[in-house]
Amino acid sequence: MSALDAVRARQSWSKVDERSPSREELLTFVAAAGRVADHSSLRPWRLIELRGDDREALGAAIAKAQGDASPSTKPLRAPLLIAVVASYQKSEKVPRWEQEAVASGVAHALSLLLDEAGWGVIWRTGHYTRAKAVAKAHGLGKNEELLGWLYVGGKPEGKKPGRRKAVDARKLVTRMPKAGAKSSSDKKAKKK
């Protein structure tokens, strides 16, 4: 399968079964995903592997962050969660937003690799990604932010992934406007 075919075939899997890639398989995918464009090769990211009881600890941290009495069961929806962490590095040349983009790029590349290898994946986020209790549970440093989790498991037999609308590239790819011309976003605003 070509990279184009793999990207076109990618779907989010909100329901997965209890199978998951081994640690060695995961490390192979992470090494490849880490090849994303990374200005100054800062590697401003890290991933945290959550399996078994780790997911229950995360459920307790989410409950604490939300003021709930019982642990959240959300982390139990997949056998493997991969926390995506932006780990910002000091740099005169590479701004914080660009470092976060690198971390997001690694997560997306990893999700593509996992999907292409036959694993069901969905990237989940939520307001509690910024909660102190959740950051503490992940052992985040002061220079780090949790961007979300990749939920990974086996693709259940006979189940289909979530639906995804086709992308109309013609509406999303524009040309540089000529000097003095209105931008396409200005034209859209005027139509409303």
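Residues numbered from 1 in each chain as written. Predicted model: local features only at pLDDT ≥ 70, side-chain atom pairs only at ≥ 80, totals over all residues. Heavy atoms only, no water.

Student: Would you mind showing me how to read helix α3 (residues 53-66) here?
Tutor: For an α-helix, the turn length of 3.6 residues means that residues three or four places apart are oriented alike. Compared with the 20 Å implied by 1.5 Å per residue over 14 residues, the 20 Å span of α3 between its first and last C-alpha is a close match. Of all the positions in α3, only R55, L58, G59, A61, I62 and A63 are classed as buried. Of the surrounding elements, those touching the buried residues of α3 are β1 (45-51), β2 (80-87), α5 (132-138) and β4 (144-154). (Helix = DSSP H or I, 4+ residues; strand = E, 2+ residues; numbered from the N terminus. Expected span 1.5 Å × (residues − 1). Buried < 20%, exposed > 50% of the residue type's maximum accessible area, 1.4 Å probe, protein only. Contact = heavy atoms within 4.5 Å.)

Student: Where do I start with the packing of aromatic side chains in this structure?
Tutor: Any aromatic ring pair is given by two values, namely how distant the centres are and how the planes are angled relative to each other. Counted by the stated rule, this structure contains one aromatic pair. Between Y128 and W149 the ring centres are 5.9 Å apart and the planes differ by 35 degrees, which places this aromatic pair in the tilted class. In this pair, Y128 sits in the loop between β3 (119-124) and α5 while W149 sits in strand β4, placing the two residues 21 residues apart along the sequence. Sitting over the face of the ring of Y151, R124 holds its NZ or CZ atom 5.1 Å from the ring centroid. (Phe/Tyr/Trp six-rings, centres within 6.5 Å; stacked < 30°, edge-to-face > 60°. Lys NZ or Arg CZ within 6 Å of the ring centre and 35° of its normal.)

Student: What exactly am I supposed to notice about helix α4 (residues 96-116) here?
Tutor: For α4, built from 21 residues, the straight-helix expectation of 30 Å at 1.5 Å per residue is met to within 8% by its first-to-last C-alpha distance of 30 Å. Inspection of α4 places E98, Q99, V102, A103, V106, A107, A109, L110, S111, L112, L114 and D115 among the buried residues, and these make up the whole buried set. Buried residues along α4 sit against α1 (3-9), α2 (23-33), β1, β2, β3 and β4. With its phi angle positive at about 105 degrees, G118 sits one or two positions after the end of α4.

Student: I tried to follow the nonpolar core on my own but got confused; where do I start?
Tutor: Grouped burial of nonpolar side chains is what soluble globular proteins tend to show. In this structure, L26, W45, I82, L110, L114, L150 and V152 are the most contacted members of the largest nonpolar core, which totals 22 residues. Of all the secondary-structure elements, those providing two or more residues to this core are α2, β2, α4, β3 and β4. Ranked by residues supplied to this core, first place goes to α4 with seven residues. Each residue touching V152, except ones within four places of it in the same chain, is listed here: V16, S20, P21, A78, P79, L80, I82, L114, W119, G120 and V121. Counting 19 residues, the second largest nonpolar core, distinct from the first, contains I62, L81, V134 and L146. (Core = buried A, V, L, I, M, F, W, Y, C linked by side-chain atoms within 4.5 Å.)

Student: Can you walk me through the pattern of salt bridges in this structure?
Tutor: A pair can form between side chains of opposite charge whenever their charged atoms are brought close. Across all of its chains, the model carries seven salt bridges by this definition. Residues R51 and E49 are paired through a salt bridge, measuring 2.6 Å at the closest nitrogen-oxygen approach. R51 gets classed as partly exposed once you look at its relative accessible area, which sits at 24%. Across the pair D115 and K155 runs a salt bridge, and its minimum N-O distance is 3.4 Å. On the criterion of sequence distance, the pair formed by D115 in helix α4 and K155 in the loop between β4 and α6 (169-172) is long-range, its members being 40 residues apart. In this structure K155 comes out as partly exposed when scored by relative accessible area, which is 23%. The network of salt bridges with common partners includes R23, E49 and R51. (Salt bridge = Lys/Arg side-chain N within 4 Å of Asp/Glu carboxyl O.)

Student: Is there a simple way to explain the side chain of T129 in this structure?
Tutor: Along the chain, T129 turns up in the loop between β3 and α5. Among the polar contacts made by the side chain of T129, one reaches the main-chain carbonyl oxygen of G126 at a distance of 2.9 Å. Not counting residues up to four positions away in its chain, the partners in contact with T129 are L146, G148 and W149. (Polar contact = N/O pair within 3.5 Å; in protein donor to acceptor, adjacent residues only side chain to side chain.)

Student: What's the story with the layout of surface pockets in this structure? I'm lost.
Tutor: Taking a probe equal in size to a water molecule and rolling it over the atoms shows the remaining empty space. Here the largest pocket defines a volume of roughly 230 Å³. Every residue along the wall of the largest pocket is listed here: L4, V7, R8, R10, Q11, H108, L112 and R164. If you tally residues by element for the lining of the largest pocket, the top one is α1, at three residues. Its residues assigned to classes, the lining of the largest pocket shows three nonpolar, two polar and three charged. (1 Å grid on protein atoms, 1.4 Å probe; cavity = no way out; pocket = protein on both sides within 12 Å on 5 of 7 lines; lining within 4 Å. Points joined across faces, edges and corners; volume = space filled by probe spheres on them. Nonpolar A, V, L, I, M, F, W, Y, C, P; charged D, E, K, R; others polar.)

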